[in-house]
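Report on the structure
Residues per chain, in single letters:
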Amino acid sequence: MVRDMDKGKRLFNQRGRKQNALFLAVASLCSNILILLTGFAYRTIFLRYLSQEYLGLSGLFSNVLQVLSLADIGFFSVVTYRLYEPISRGDINRLNALMRHLRKIFYTIVCVILISGLLISPFINFLINDTGEIPRDINVHLIYILFLFQTVVSYVGVYRQCLLVADQKSYVQSIFLTVFHIVQNTIQIVIIMLYHNYTFSLISGLIIQLLYNILLSIYVTANYAPVFKGSSELEAFEKISIRTDSVSYFIRKIGYVVLYSTDSIVISKYLGLAITGLYSNYFFIVNYLQNFIGQLFESFISSIGNAQATVDREYNYIIYSRIVFANLWLSSIISVCTAVLIDGFIVIWVGDKMLLGNNASLVLSLQLYIIMMNKCNTSFIEGCGLFKYDKYRPLLGALANLVLSVLLVRKIGISGVFWGTIVAQLFVNFWRDIFILHKYEFKKSVFPILRMNFVFMAISIVEALMYLKIFSIIVRTKASIFGWLFEAILVFISSNIVLLLVFYRSDYFDYYKKIVFGKIKKLGG
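Residues numbered from 1 in each chain as written. Predicted model: local features only at pLDDT ≥ 70, side-chain atom pairs only at ≥ 80, totals over all residues. Heavy atoms only, no water.

**Overview of the overall build of the protein**
What counts is decided by this rule: Only DSSP runs of H or I with at least four residues qualify as helices, and only runs of E with at least two residues qualify as strands; both kinds are numbered from the N terminus onward. Whether a residue is buried, partly exposed or exposed follows from its accessible area with a 1.4 Å probe, protein chains only, as a fraction of its type maximum: under 20%, in between, or over 50%, in that order. We call two residues in contact whenever any of their non-hydrogen atoms come within 4.5 Å of each other. Residue-level accessible areas treat just the shown protein chains as cover; the underlying method is Shrake-Rupley with a 1.4 Å probe.
Helix and strand counts for the protein come out as 22 helices and zero strands. Residues classed as buried in the protein amount to 55% of the 525 residues present. Restricting the contact set of the protein to residue pairs at least 6 apart, pairs at least 24 apart contribute 87%. Counting only carbon and sulfur atoms, one obtains 66% of the accessible surface of the protein, whose full area is about 23700 Å².

**A short note on the side chain of R160**
To be explicit about the condition: None of His or the chain ends enter the tally, which takes Lys and Arg as positive and Asp and Glu as negative. We define a salt bridge as a side-chain nitrogen of Lys or Arg found within 4 Å of a carboxyl oxygen belonging to Asp or Glu.
Positionally, R160 belongs in the loop between α6 (140-153) and α7 (161-166). No salt bridge is formed by the buried R160; the nearest opposite charge belongs to E233, separated by 14 Å.

**Details of the packing of helix α18 (residues 393-412) against helix α19 (residues 414-442)**
To keep it simple, the criterion reads: Axis lines are fitted through C-alpha atoms, for helices just across the contact stretch, and the angle between N-to-C directions can take any value from 0 to 180 degrees. Note on terminology: angles under 35 degrees are roughly parallel, angles over 145 are roughly antiparallel, angles of 65 to 115 are roughly perpendicular, and the others are oblique. When the near helix sits turned anticlockwise from the far one by under a right angle, the crossing is termed left-handed; a clockwise turn instead gives a right-handed crossing.
Packing of α18 against α19 leaves a shortest axis separation of 6 Å and a crossing angle of 160°. In terms of orientation, α18 and α19 fall into the roughly antiparallel class. In this structure, the crossing between α18 and α19 has a hand that is right-handed.

**Thoughts on the packing of aromatic side chains**
Defined as follows: Within 6.5 Å between ring centres, the rings of Phe, Tyr and Trp (the latter by its six-membered ring) count as paired, and their orientation is classed by plane angle as stacked under 30 degrees, edge-to-face over 60, tilted in between. Only when the NZ atom of a Lys or the CZ atom of an Arg is both within 6 Å of the ring centre and within 35 degrees of the ring normal do we say a charge sits over the ring.
Under the counting rule described, the total for this entry stands at 27 aromatic pairs. Seen in terms of ring centroids, Y42 and F46 are 5.8 Å apart; in terms of plane orientation they differ by 70°. Their pairing is edge-to-face. Within this pair, Y42 and its partner F46 are both found in helix α2 (residues 17-49), separated by four residues, close to a single helical turn. The same class applies to Y42 as to F46, namely buried. Put simply, the rings of F325, W329, F456, F503, Y508, F509, Y511 and Y512 pair up and form one aromatic cluster. The positively charged end of R160 is found above the aromatic ring belonging to F228, 4.7 Å away from the centroid. In this structure, K269 packs its charged tip against the face of F126, placed 3.8 Å from the ring centre.

**Examining the pattern of salt bridges**
Summed over the entire model, instances satisfying the criterion amount to seven salt bridges. Among the salt bridges present, the one from E233 reaches R100, with a minimum N-O distance of 2.7 Å. Of this pair, E233 sits in the loop between α10 (225-229) and α11 (236-261) while R100 sits in helix α5 (residues 92-120), placing them 133 residues apart in sequence. One salt-bridge network, held together by shared partners, links R100, K104 and E233.

**Details of a nonpolar patch on the surface**
To keep things clear, this is the line we draw: The residues that make up patches have over 30% relative accessible area and no salt bridge, and they are joined within 9 Å when like-charged or within 5 Å when they are Val, Leu, Ile, Met, Phe, Trp or Tyr.
Nonpolar side chains collect at one region of the surface, where V156, V190, M193, L194, Y195, F200, I203, I207, L211, I214, L215 and I218 lie side by side and expose about 1100 Å² of accessible area between them. Taken together, the elements giving at least two residues each to the nonpolar patch come down to α8 (170-195) and α9 (198-223). Among the elements that line the nonpolar patch, the one with the most residues is α9, at seven residues. Relative to the helices and strands, L194 resides in helix α8. Residue L194 is classed as exposed on the basis of its relative accessible area of 60%.

**A few points about the environment of W484**
Assignment of secondary structure puts W484 in helix α21 (residues 481-503). Relative accessible area serves as the criterion here: at 18%, W484 is assigned to the buried category. The spatial distance from the C-alpha of W484 to the C-alpha of I342 is 9.9 Å, given a sequence separation of 142 residues. Contacts of W484, omitting those with residues within four sequence positions, involve L341, G344, F345 and I348.

**Regarding the layout of surface pockets**
Empty pockets left among the atoms are what a rolling probe the size of a water molecule brings to light. We count it as follows: Here a cavity denotes a set of grid points, spaced 1 Å apart and computed over the protein atoms alone, in which a 1.4 Å probe fits but from which it cannot get out, and a pocket denotes an open set meeting protein on both sides within 12 Å along at least five of seven lines; residues with an atom within 4 Å of a point are reported as lining. Grid points are joined across faces, edges and corners, and a volume is the space filled by probe spheres set on the points.
Looking at the second largest pocket, its volume works out to about 740 Å³. Considering the residues around the second largest pocket, the lining is formed by 22 residues, among which L36, I285, L289, I334 and W484 are closest to the centre.

**Digging into the packing of helix α16 (residues 360-372) against α19**
Note the following rule: When residues are sorted by character, Ala, Val, Leu, Ile, Met, Phe, Trp, Tyr, Cys and Pro go into the nonpolar class, Asp, Glu, Lys and Arg into the charged class, and all the rest, Gly among them, into the polar class.
In the contact formed by α16 and α19, the axes pass within 9 Å of each other and the chain directions differ by 20°. As far as their axial angle goes, α19 and α16 are roughly parallel. For the element pair α16 and α19, the recorded crossing hand is left-handed. For the pair α16 and α19, the contacting residues are A360, V363, L364, L366, Q367 and I370 in the first and I414, S415, V417, F418, W419, T421, I422, Q425 and L426 in the second. Within the contact of α16 with α19, the residues separate by chemical class into 11 nonpolar, four polar and no charged.

**With respect to the nonpolar core**
Operational definition: Within this scheme, the nonpolar core is defined by two criteria: the residues are buried Ala, Val, Leu, Ile, Met, Phe, Trp, Tyr or Cys, and they are joined through side-chain atoms within 4.5 Å.
Ranked by size, the top nonpolar core spans 137 residues in total, and within it F61, L83, L163, Y320 and F456 carry the most contacts. With 16 residues, the top contributor of residues to this core is helix α15 (residues 313-350). Excluding anything up to four places from it in sequence, F456 contacts F325, L328, W329, S332, Y369, L499 and F503.

Okay, structure coming up:
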């Protein structure tokens, strides 16, 4: 038995937690940059050859299917959390039983999503404010079905990928994803340029998505072959435990999915496809920024789970507080730069006719900050398996978001949708995540972390308003890329200087300063 365990350990990642976390973060950053660049190229060609109503449909259906994908929320994360301990011990039989159980669950999930999606299909027109905005050359129900099938094929073999995540090798996913995104965007650009056909573009994306999942599954199976060769089964009580935890996690996450995945639906219903198309350009940028922060900190989840199983609570809290500081610093810089620069970028990229106007970009940037600043907390809750606590509260947040968004969009337009998300996230979800972590995992007061959060938020809001005021007074040439780059460099540097002046004496800043200077000394020999 001991020999089997030793052999099993050699099958898995042997690098240290810090090395893994750094490697995963760098891989995630590089992947996001490459995907962003190819995505911009595709979207630019899309807007040149097709109208913004096509973008509106794309944003609407993407949101609808994100909500439908609630079916998978819970099982993947719960089982991944349970993989950390057997991986650390090299317990192949235990891993085999978990993977076999997860495979059965995901087959069920695919069926649920497919059937639910088909049942919704006849009512798609209800989500569009003015069906006259639908481009004449497409069948809206066919487009929706293609989106649905692309979602379904994205689950092919995906249960195997949780093994990569738990083994702190999600960089493999990043490499595969980057390559296939580049291939997909290139093919779709060629199709749109040659045929001006949105339907053909979607079909090509569906095929490439299927190939991505098949090839990644083959890779995982080949590299973890012993895990998939057995026929072990979980005990009945373990299956019940997984089901119970999964339901708790599902209820918790449904609130977050509704909170973040219904904006385009509300905008399409009350403002129309054209406005949804304008918003989709902003969302494209903001979503990549959210994904950058999200993937950066999600790359730590497996390390968090490993640490939670192997180190003491005090050291885990030190890790958490340092990561929170980095999370808030990055969120502040990104959101301030977004507030000041995004309208200018839209003008340079696709023209001033694509602007939302009415300070919508400022409110959207605040929403971006509120979402990003909580990424570290949600990552730790998942990594430490705390999702069973306070599981019903996110449902209240989701309800508050929908009600506020619908009420406010009628009063103040698109900004009302963003304010609904901000209020729901800030007053219902954010503070409770911090409270749960400190009560059940760290056993410490929440006030130091809450104080740090609100100091960063106050600085970010004041900075954004100050820079916008300054740039509204001086002459701005939004159409000039050099003028925009000058503003970008100025805002980026000055935002970091402000944070440096506020936090240079803090222990957290001192920790990262020592890391940076240590790396510089090593490079200098």
